[in-house]
Amino acid sequence: MAISKTSSTASRRRFLKGASAAAAAPLILPSRLFGAGSANERIGIGLIGCGKIMNGHHKSHQDAEDVQIRAVSDVKDWQREEYVNKVNQGYAKITGKSDYDDCKGYANFEDLLARDDIDAVVVGTPDHWHAAATIAAMKAGKDVYCEKPLTLTIEEGIAIRKVAKETGRVVQTGSQQRSDQYFRRACELVVNGYIGELTEVHVGIGNFKPIPELGEQEIPEGFDYDRWLGQAPMEPYHIDRVKGDYGGGWRNFCEYGNRKNGDFGAHHFDIVQWALQMDESGPVNYVPAGHKGEPFSYFQYENGLKVFKNSDKKRLSINFYGKDG
């Protein structure tokens, strides 16, 4: 979403009033939604990866009139079954059909992608599976919404872009902070020069603990651990390696995630890009902490502006410093 450089108070007030009214309005879905002859009028959705983040996605898609969740996929039997039940119970409540069981579960997402009634997928796997699932979906003729970060590596991003052009499929990745009024307002203030010419930016994304040394535990029954690892190096199973913990888990390991850079960094540095109107470009230089005595990591844009990570001038998550404030 572009940021206007001529936002008026009146237009903002009208927008917020409308948004508040929309948020307050109850969502009532008609029972005709799943009536005879209406199946082809809805977008068939498949959910790939049924961890924590998919809670929000599954609810918002299930509450939408123009889509229907028809299948889910996960390498953990119990997690997959839980989501199948969630979806079917939700639609049972909406349709009034107590025996609703149209949503099916698959251990391998390729089986989900083989279905002709799946038009698009939501990818919510650990980061190291984002690219493979997204590319497979496009090649199967599906459109894709993939959780952030879209890829684990730059090479994967190039591969996704290539396949998207070849197949003509729609691929979207998102960051909810761009839909947050406070982040948007901060970016508007920066873009419209309220703090003058920018001198520096300081971003706080926190730190994970050092990557732990893990032993080996027994793989739980019903968990395809080899499949979970995918193209990542073989490592012994341990719950702390695979759990979807926002404070660590697989996010702790560069093989499966990008630690805090791919976690809050994907949110906060994206907002910096937005405020600097640099969505079509990016930094030209990166300096890690400790290089030539530098106390903090930073990246730098072509105009010389530096964006520091976890510096001592960080007061909030994202801090814009200008000549006037």
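Numbers given for residues are sequential positions, taken from 1 along each chain in its written order. Two thresholds apply to this predicted model, a pLDDT of at least 70 for residue-level local features and 80 or more for giving and counting side-chain atom pairs, whereas whole-chain, interface and lining totals are computed over all residues. Each side-chain value is derived from all of the structure's non-hydrogen atoms; neither hydrogens nor water enter the calculation.

Novice: I'd love a proper account of unusual backbone geometry, names of residues and values included.
Specialist: With an omega dihedral of -15 degrees, the bond running from Lys148 to Pro149 counts as a cis peptide bond. Take Pro149: it is sitting in the loop between strand E5 (143-146) and helix H6 (154-167). Even without glycine at this site, Asn310 takes up a positive phi of about 55 degrees. Tracing the sequence through the fold places Asn310 in the loop between strand E10 (306-309) and strand E11 (318-322). By definition, any uninterrupted DSSP run of H or I lasting at least four residues is a helix, any uninterrupted run of E lasting at least two residues is a strand, and each is numbered from the N terminus.

Novice: Help me get a handle on helix H5 (residues 130-139), residues and values and all.
Specialist: With a 1.4 Å probe rolled over the protein chains alone, any residue whose accessible area is under 20% of its type maximum counts as buried; one over 50% counts as exposed, and the rest are partly exposed. Among the ten residues of H5, seven are classified as buried, and the element is accordingly described as predominantly covered. Of the residues making up H5, those classed as buried are His130, Ala131, Ala133, Thr134, Ile135, Ala137 and Met138. Packing partners of the buried residues in H5 comprise strand E1 (43-48), helix H4 (109-113), strand E4 (120-123), E5, H6 and strand E6 (171-173). The positive-phi residue at the C-terminal boundary of H5 is Gly141, with phi of around 85 degrees. By definition, residues are in contact when any of their heavy atoms lie within 4.5 Å.

Novice: Requested: an account of H6, with residues and values cited.
Specialist: If you check H6, its first and last C-alpha atoms are 20 Å apart, about what 14 residues at 1.5 Å a residue would give, namely 20 Å. Taken together, the buried residues of H6 touch H5 and E6. Following H6 by one or two positions, Gly168 adopts a phi angle in the positive range, close to 75 degrees. A helix's residues, less one, multiplied by 1.5 Å, set its expected span.

Novice: Please provide a residue-by-residue account of the layout of surface pockets, values included.
Specialist: What the largest pocket holds in volume is close to 1,400 Å³. Looking at the lining of the largest pocket, the elements that each hand over two or more residues are H6, E6, helix H10 (259-262), helix H11 (264-275), strand E9 (298-300) and E10. Looking at side-chain class alone, the lining of the largest pocket contains 15 nonpolar, 13 polar and seven charged residues. Points on a 1 Å grid, built from protein atoms alone, make a cavity when a 1.4 Å probe fits but cannot get out and make a pocket when they are open with protein on both sides within 12 Å along at least 5 of 7 lines; residues with an atom within 4 Å of a point are the lining residues. Grid points are joined across faces, edges and corners, and a volume is the space filled by probe spheres set on the points. In this structure, the second largest pocket spans a volume of roughly 760 Å³. Forming the boundary of the second largest pocket are 39 residues, of which Gly124, Thr125, Pro126, Trp250 and Arg251 lie nearest the centre. Going through the elements one at a time, helix H8 (225-229), H10 and H11 are the ones with two or more residues in the lining of the second largest pocket. Counted by class, the lining of the second largest pocket contains 14 nonpolar, 14 polar and eleven charged residues. We call Asp, Glu, Lys and Arg charged. Ala, Val, Leu, Ile, Met, Phe, Trp, Tyr, Cys and Pro are nonpolar, and the rest, Gly among them, are polar.

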